Amino acid sequence: MATPATPQAPTARAVRTVAFVDGVRTPFGKAGDKGIYAGTRADDLVVKVIRELLRRHPELPPERIDEVAVAATTQTGDQGLTIGRTAALLSGLPKSVPGFAIDRMCAGAMTAVTTTASGIGFGAYDVVIAGGVEHMGRHPMGEGVDPNPRIVADKLVDPTALVMGQTAENVHDRYPDITKQRTDAFAVRSQERFAEAVKTGKIGPELVPVATRSAELGWGLATEDEPPRPGTTVEQLAGLKTPFRPHGRVTAGNAAGLNDGATGAILADEETARELGLPVGMRLVGYSFAGVEPEVMGIGPVPATEKALARAGLTIDDIGLFEVNEAFAVQVLAFLDHFGIAEDDERVNPWGGAIACGHPLASSGVRLMTQLSRQFAERPDVRYGITTMCVGIGMGGTVIWENPAFDGSTN
């Protein structure tokens with residue numbers, strides 16, 4: 001009788017290079033009854049993004065997509081029902097393409113990218129679509145949430161941790177050198193840079209037009225972001241109310257608003273991208289998420305960036321471009337002060353940020369990535385860039401990217 005063969009151990013896979021192929025987004029709208037998306041479903045915003053990615057890349061056979069990951073902070077109503085799968089079906093992708101939903105609050109789309117990118121690196125996927133959506137007009141942050149009373153009763157977190165604007169005031173308390181005057185000046189700079197980027201055509205090519213409808217105006221077409229306030233001055237911001245604390249420092253002018261919008265990106269193994277003729281906008285170097293005290297969640301990008309840099313064997317001096325989410329100006333300034341970066345440094349949010357264009361929570365991570373990828377194409381002198389953001393309930397996330405167009409001249 002023959003001796004059964006000994007099973008062979010599986011061969012270890014080499015980690016594959018993950019490419020950010022392309023990213024798009026809807027114009028961002030103001031949340032509420034008068035916002036451009038008041039009559040538009042959240043899942044339809046995701047469908048527009050997926051269809052636009054496919055339209056722009058006919059070289060990608062839809063059946064080659066291995067996963068669709070879509071983030072939403074409030075997963076209910078038209079943002080529920082495993083929106084990655086339902087949006088894939090609604091977009092006309094083959095029924096063989098799976099999908100899932102994910103939530104890490106503001107870093108939802110960022111986590112959709114890092115999670116699926118890990119799958120690409122491991123060999124589970126070749127091509128994925130990852131993104132996020134938030135319709136804060138239909139689903140305000142915290143809708144339907146029932147926090148366990150022990151969170152406060154057992155003093156696991158300070159009660160202010162559950163109100164994002166109060167966490168920003170807490171960061172001001174912790175860093176008294178970050179004055180309201182500094183945050184207002186930063187906010188004005190964000191508006192100015194964003195307006196200039198729109199004027200020069202740097203912001204716009206990534207936007208997906210969305211048909212809209214309202215009872216008052218009928219049918220329309222959203223082609224540009226609704227929140228920006230070009231021409232904003234420091235003097236105007238100085239007189240705004242501080243809704244989170246009497247005589248506070250956080251206002252509607254130096255913080256991102258409540259917004260609606262969706263983003264999406266194609267990620268692929270770099271060899272697969274080359275095989276299919278897909279462009280390579282960025283290469284993933286590494287990423288990290290870190291926890292901080294929930295009541296000062298705005299400082300989350302600091303330890304997340306330190307962790308990501310250490311694991312990648314890089315330093316902050318190696319980074320030539322920064323896309324930092326602007327949930328609050330104080331959050332960005334705390335990050336810059338920690339790393340010794342000037343608040344008007346041209347490497348930081350060169351096309352403005354969320355204070356100007358809006359922050360539809362779970363969608364914003366891919367906006368940062370899309371802008372960085374487009375900046376890389378213009379800056380062959382820059383080798384590395386990061387996308388980083390603070391996350392509610394006390395976290396931060398940072399992703400490090402490499403510029404495939406780097407020519408070796410500087411960074």
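Residues numbered from 1 in each chain as written. Predicted model: local features only at pLDDT ≥ 70, side-chain atom pairs only at ≥ 80, totals over all residues. Heavy atoms only, no water.

The subject of this paragraph is empty space enclosed by the protein. Within the structure shown, the criterion is met by two cavities of 30 Å³ or more. Of the pockets and cavities examined, the largest cavity occupies roughly 60 Å³. Contributing to the lining of the largest cavity are Phe 186, Arg 189, Ser 190, Arg 193, Glu 326, Glu 343, Asp 345, Val 348, Asn 349 and Gly 352. Among the residues making up the lining of the largest cavity, the classes are represented as two nonpolar, three polar and five charged. Along the walls of the second largest cavity sit Val 46, Val 49, Ile 50, Val 70, Ile 129, Ala 130, Gly 131, Gly 132, Thr 263 and Gly 264, which together make up its complete lining. For the lining of the second largest cavity, the element with the most residues is strand E5 (residues 127-135), which contributes four residues. Per-class residue counts for the lining of the second largest cavity are six nonpolar, four polar and no charged. (1 Å grid on protein atoms, 1.4 Å probe; cavity = no way out; pocket = protein on both sides within 12 Å on 5 of 7 lines; lining within 4 Å. Points joined across faces, edges and corners; volume = space filled by probe spheres on them. Nonpolar A, V, L, I, M, F, W, Y, C, P; charged D, E, K, R; others polar. Helix = DSSP H or I, 4+ residues; strand = E, 2+ residues; numbered from the N terminus.)

Let's shift gears to the nonpolar core. By size, the foremost hydrophobic cluster in this structure holds 39 residues, and its most contacted members are Phe 322, Phe 328, Phe 335, Leu 336 and Ile 341. Looking at this core, the elements that each hand over two or more residues are helix H5 (164-174), helix H6 (180-199), helix H9 (301-312), strand E10 (319-324), helix H10 (329-339) and strand E11 (384-391). Here this core takes eight residues from H10, the largest share from any one element. Counting residues in hydrophobic clusters, the runner-up holds 36 residues, among them Ala 69, Val 128, Leu 372 and Val 382. (Core = buried A, V, L, I, M, F, W, Y, C linked by side-chain atoms within 4.5 Å. Buried < 20%, exposed > 50% of the residue type's maximum accessible area, 1.4 Å probe, protein only.)

This next bit is on the UniProt feature "active site" (unreviewed entry) in the protein chain. Feature annotation in UniProt assigns "active site" (unreviewed entry) to the following positions: Cys 106, His 359 and Cys 390. Annotated residues spanning 285 residues; largest pairwise C-alpha distance 12.0 Å, indicating a single compact cluster. With respect to the secondary-structure elements, Cys 106 resides in the loop between strand E4 (99-102) and helix H3 (108-122). Cys 106 gets classed as buried once you look at its relative accessible area, which sits at 7%. (UniProt positions renumbered as here; feature names shortened; annotations may be inferred.)

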